[in-house]
Amino acid sequence: MMIKEEVTLSTGMRGEGRAETELPPDFSSWFREYQPIVFRYVRFRLATREAAEDVTSEVFMKALRALDRYDPSRASPKTWLLRIARNAVTDHLRFLKRRSSLHVSLDRVPDLVADVPTQEERVLRGERIQLLLNASRELRSADQEILSLRYGAGFGNREIAEALNISGNAVAVRLHRALARLKAVVDKRGRD
Amino acid sequence: MTNPNDPHDADFRATLPADLQALDRELSGIRIEERPSFGPELKGELTQAWRTRARGAPMASRPWVRTLMAAGLAGLMIAGVSVPSARAAVFQLVRTVAEEVFPTFFAQDAEPELQLPEIEAQEPAPPVAPRPRAEVVVSPADASNEVVTSMPDLPTLPFVETTFPEIISRQEAARMIASYYPLELQEAGVEGAIKLLFWVDTHGIPENIQTRESSGNQRLDYAAMRAARNLRFHPATRNGVAVGTWVEVDFHFFALTGVGIIGSDSMDSVM
């Protein structure tokens with residue numbers, strides 16, 4: 001009996017009996033569609049790629065465990081996953097605050113500058129990204145969150161409004177203020 | 001990265017002063033490059049978690065079921081002893097159980113058990129149901145044909161030269177595994193050992209990675225599984241021909257050094 005069960009699982013991995021052993025189809029398509037978005041959002045908020053991978057894994061594990069409780073009438077899957085991601089990032093940052101610095105060192109940003117063609121430009125761009133990200137971590141949490149949704153997850157204002165459950169105008173105002181505060185921090189750091 | 005078709009975006013950017021527009025463009029230009037294998041690895045972990053959940057806890061592991069089964073068995077034994085015709089069968093059953101539990105008591109009249117090395121299939125076979133370790137694991141020493149030739153009544157098997165999978169570079173492997181040790185676990189002093197079982201194919205690439213013994217920390221287990229996918233082996237060979245085989249590998253994560261290493265003496269092949 002035991003051996004029979006093992007064989008069933010094994011063949012499931014080879015493509016037969018898949019329904020029993022593979023992810024639920026809905027979840028699988030959400031994963032395909034939204035995992036890169038969740039990762040980018042998380043990566044924008046966290047200092048290292050390793051931490052971003054860990055937190056992204058945690059997000060989807062939590063989502064999988066809570067799948068039965070997901071209510072499509074209350075939020076789209078994307079909004080739901082982003083909500084889990086926001087909570088996971090908050091928990092992670094709270095943990096790190098007790099443990100260590102949140103600052104990004106230059107050797108931790110190569111995965112963020114992959115589109116710059118020459119080595120010299122990569123270095124300069126890396127330094128600039130380091131400055132921007134470290135500056136953003138001096139902002140209050142709500143500012144960091146809205147900037148991460150826009151520049152990390154790549155959301156438009158309408159999607160940010162849905163994710164934060166606020167109006168489009170409120171998004172524009174908050175973004176404007178967050179950018180202004182970020183610029184003030186960046187300028188101050190540039191002067192120091 | 002922002003959505004250019006979103007009217008809010010066009011309106012929004014236009015409302016920003018020039019210096020903030022420049023900052024907006026600069027931030028939008030940050031490209032986040034995901035490790036290519038991260039998505040598939042995570043999907044594998046999710047699938048395994050789902051599979052475990054789908055299987056659920058076996059009925060026998062529930063305490064009330066175990067109690068009920070024990071009570072039922074005791075009842076059957078008492079009934080059996082009280083019926084003369086069934087008494088001999090019950091005593092035979094008790095003896096069989098006792099032989100399993102206290103084998104040394106019965107060792108002198110027990111016949112030597114023949115152990116033959118298992119012959120592995122070319123394709124990954126499903127892992128066998130848990131059995132005593134000595135029956136499942138064939139160490140290199142056990143795999144020689146000494147056991148076979150000591151049994152005169154059996155036909156002599158042809159000599160088979162077998163090699164077992166070897167990690168190509170243990171130093172590189174240790175460095176690679178260390179890179180998967182989550183920083184916050186290191187900082188929190190969370191350590192652990194994980195035993196993984198996986199198939200090493202004829203190209204030396206791990207497949208079908210499964211947790212054999214958990215560290216007790218899910219994130220450490222996942223770190224080990226991710227690292228295992230990137231291990232590379234010299235494949236096992238049989239008479240000089242590369243063959244796939246199951247291997248068990250221990251992963252150790254030590255917080256003091258921040259280095260995750262493979263126990264150098266703990267790699268067993270399960271063929």
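Keep in mind that what you see is a predicted model, and the values were worked out from it rather than measured.

Trainee: Just to check I follow, could you spell out the overall build of chain A for this structure?
Mentor: Across its full length, chain A carries nine helices and zero strands. Secondary structure of chain A in N-to-C order comes out as α-α-α-α-α-α-α-α-α. Every one of the 192 residues in chain A was classed for burial, and the buried ones make up 52%. Excluding contacts between residues fewer than 6 apart, the proportion of contacts in chain A whose partners are at least 24 apart in sequence is 64%. As displayed, chain A has an accessible area near 9500 Å², and 50% of this comes from carbon and sulfur atoms.

Trainee: Please explain helix H4 (residues 49-65) of chain A as it appears in this structure.
Mentor: An α-helix turns once every 3.6 residues. As a result, residues three or four positions apart point the same way. Given a rise of 1.5 Å per residue, 17 residues ought to cover 24 Å, and the 24 Å separating the end C-alpha atoms of H4 of chain A matches this to within 8%. Of all the positions in H4 of chain A, only Ala51, Ala52, Glu53, Asp54, Val55, Thr56, Ser57, Val59, Phe60, Met61, Ala63 and Leu64 of chain A are classed as buried.

Trainee: Help me understand the nonpolar core, please; the structure alone is not making it clear to me.
Mentor: Considering soluble globular proteins, one finds that nonpolar side chains tend to be buried as a cluster. Counting 90 residues, the largest nonpolar core has Phe198 and Phe251 of chain B as the members making the most contacts within it. Counting residues per element, this core draws most heavily on helix H3 (residues 25-45) of chain A, which supplies ten residues. What Phe198 of chain B contacts, discounting residues up to four positions off in sequence, is Pro206, Glu207, Asn208, Ile209, Ala228, Leu231, Phe233, Thr245, Trp246, Val247 and Val249 of chain B.

Trainee: Is there a simple way to explain the pairing of strand E3 (residues 192-200) of chain B in this structure?
Mentor: Along a regular strand, successive side chains alternate from one face of the sheet to the other. Residue and element names in this part refer to chain B. Across the nine residues of E3, eight count as buried, placing the element largely inside the fold. Summarising the sheet, E3 and strand E8 (residues 245-254) pair through nine bridges and their orientation is antiparallel. Within E8, the residue paired with Leu197 across the bridge is Glu248. Across five bridges, E3 lies against strand E4 (residues 206-213) in antiparallel orientation.

Trainee: Hey, could you run me through unusual backbone geometry in this one?
Mentor: The general pattern is negative phi for most residues beyond glycine and trans for most peptide bonds. Residue and element names in this part refer to chain B. Positive phi is not limited to glycine here, since Asn208 has a value of about 55°. Within the secondary structure, Asn208 sits in strand E4. Residue Asn208 is classed as partly exposed on the basis of its relative accessible area, which comes to 25%. Despite not being glycine, Asn239 shows a phi value in the positive range, around 50°.

Trainee: Looking at this structure, how should I read the sheet that holds strand E6 (residues 236-238) of chain B?
Mentor: Each strand in a sheet pairs with another by means of backbone hydrogen bonds, the pair being arranged parallel or else antiparallel. Residue and element names in this part refer to chain B. Pairing in this open sheet of three strands is antiparallel, and the strands run E1-E6-E7 from one edge to the other. Both edges of this open sheet fall to strand E1 (162-163) and strand E7 (241-243), since each of them pairs with a single strand only. Strand direction decides the pairing type here: E6 and E7, joined by three bridges, are antiparallel. Considered in E7, the bridge of Arg238 is made with Val241.

Trainee: Help me understand H3 of chain A in this model?
Mentor: Between its first and last C-alpha, H3 of chain A extends 30 Å over 21 residues, near the 30 Å set by a 1.5 Å rise per residue. By the largest-angle criterion, Tyr34 of chain A marks the main kink of H3 of chain A, which is about 50°, and a proline, Pro36 of chain A, follows within four residues.

Trainee: Would you mind going over the side chain of Thr237 of chain B with me for this structure?
Mentor: Residues and elements named next belong to chain B. In this fold, Thr237 is placed in strand E6. By relative accessible area, Thr237 is classed as buried at 18%. Within polar-contact distance, the side chain of Thr237 engages the side chain of Thr163 at 2.4 Å. Residue contacts for Thr237: discarding those within four places in its chain leaves Glu161, Thr162, Thr163, Ala242 and Val243.

Trainee: What am I meant to see in the environment of Val249 of chain B here?
Mentor: Residues and elements named next belong to chain B. Here Val249 shows up in strand E8. By relative accessible area, Val249 is classed as buried at 0%. Spatially, the C-alpha atom of Val249 lies 8.9 Å from that of Ala228, the residues being 21 residues apart in sequence.

About the cut-offs
- Residues numbered from 1 in each chain as written.
- Chains lettered and ligands numbered in written order.
- Predicted model: local features only at pLDDT ≥ 70, side-chain atom pairs only at ≥ 80, totals over all residues.
- Heavy atoms only, no water.
- Helix = DSSP H or I, 4+ residues; strand = E, 2+ residues; numbered from the N terminus.
- Buried < 20%, exposed > 50% of the residue type's maximum accessible area, 1.4 Å probe, protein only.
- Contact = heavy atoms within 4.5 Å.
- Areas by Shrake-Rupley, 256 points an atom, 1.4 Å probe, with all protein chains shown as cover.
- Expected span 1.5 Å × (residues − 1).
- Core = buried A, V, L, I, M, F, W, Y, C linked by side-chain atoms within 4.5 Å.
- Pairing = 2+ DSSP bridges.
- Bend = angle between axes of the 7 residues up to and from the residue.
- Polar contact = N/O pair within 3.5 Å; in protein donor to acceptor, adjacent residues only side chain to side chain.

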